[in-house]
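The lines below spell out each chain.
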Amino acid sequence: QVQLVESGGGLVQAGGSLRLSCAASGRTFRSYPMGWFRQAPGKEREFAASISTSGSRTAYADSVKGRFTISRDNAKNTVYLQMNSLKPEDTAVYYCAAGFQDGGSMWHADGWGYWGQGTQVTVSS
């Protein structure tokens, strides 16, 4: 019903930047808040950022606040994660999420119903 495809990952040096994209199809894109999660090797999937349906509200994990910016272009059915000042600890597979459920927690992966395949971000020191 909802398909999400991430792109834009890659290998960068510490201090560099990347912009991730998540293209949505199926259900109307603007009907959903969107989120970005990340999962490093051996760790649980953790919240990075989210954005409201209209794009008027955003939220960030403390670990990325001030460095990452989430945005969306509903006309293009795409959500973005601009990542600046990257650190080695940002290395993870980054997942786009949709289908936030009322009563759930946006801070936890189980609060979201749809996921992309993930895109690898590797930051070298």
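Going by the structure above, here's the rest.
Owing to the predicted nature of the structure, the values given are computational and were not obtained by experimental measurement. (Residues numbered from 1 in each chain as written. Predicted model: local features only at pLDDT ≥ 70, side-chain atom pairs only at ≥ 80, totals over all residues. Heavy atoms only, no water.)

Participant: Break down the side chain of R72 for me, with residues and values.
Facilitator: Structurally, R72 is set in strand β7 (residues 68–73). Of the side chains with opposite charge, D73 lies nearest to the buried R72, which makes no salt bridge, at 8.4 Å. A distance of 3.4 Å separates the side chain of R72 from the backbone oxygen of T53, its partner in a polar contact. (Helix = DSSP H or I, 4+ residues; strand = E, 2+ residues; numbered from the N terminus. Buried < 20%, exposed > 50% of the residue type's maximum accessible area, 1.4 Å probe, protein only. Lys, Arg positive; Asp, Glu negative; His and termini not counted. Salt bridge = Lys/Arg side-chain N within 4 Å of Asp/Glu carboxyl O. Polar contact = N/O pair within 3.5 Å; in protein donor to acceptor, adjacent residues only side chain to side chain.)

Participant: Mind laying out the pairing of strand β1 (residues 2–7), listing which residues take part and the relevant values?
Facilitator: Judged by which residues are buried, β1 turns out to be one-sided: V2, L4 and E6 face inward and are buried, whereas Q3, V5 and S7, on the alternate face, are not. Across 6 bridges, the pairing between β1 and strand β3 (residues 18–26) is antiparallel. Considered in β3, the bridge of V5 is made with A23. (Pairing = 2+ DSSP bridges.)

Participant: How would you summarise the side chain of T119 if you had to cite specific residues and measurements?
Facilitator: Structurally, the position occupied by T119 is in strand β11 (residues 119–124). A distance of 3.2 Å separates the side chain of T119 from the backbone nitrogen of G9, its partner in a polar contact.

Participant: Just give me the short version of the pattern of salt bridges, but keep the residues and values in it.
Facilitator: Where charged atoms from two side chains of opposite charge come close, those side chains can pair. According to the stated counting rule, one finds 3 salt bridges in the structure shown. Residue E46 pairs with R38 through a salt bridge whose shortest N-O separation is 2.8 Å. Between R38 and D90 there is a salt bridge; the shortest N-O distance is 2.8 Å. Of this pair, R38 sits in strand β4 (residues 34–39) while D90 sits in the loop between β8 (78–83) and β9 (92–98); the two residues are 52 residues apart in sequence, bridging distant segments of the chain. Each member of the pair, R38 as well as D90, carries the same accessibility label: buried. Each of R38, E46, R67 and D90 takes part in a single network of salt bridges with overlapping partners.

Participant: Pulling in residues and values, what's your account of the sheet that holds β3?
Facilitator: Backbone-to-backbone hydrogen bonds join strands into a sheet, with any given pair of strands oriented parallel or antiparallel. Spatial strand order, β1-β3-β8-β7: 4 strands in an open sheet with antiparallel pairing. Each edge of the sheet is formed by a strand with only one pairing partner; in this case those strands are β1 and β7. In this sheet, neighbouring strand axes are inclined to one another by 15° on average, regardless of whether the strands run parallel or antiparallel. Of the strand pairs in this sheet, β7 and β8 are connected by 6 bridges, and their pairing is antiparallel. (Axes fitted to C-alpha atoms, helices over the stretch in contact; angles between N-to-C directions.)

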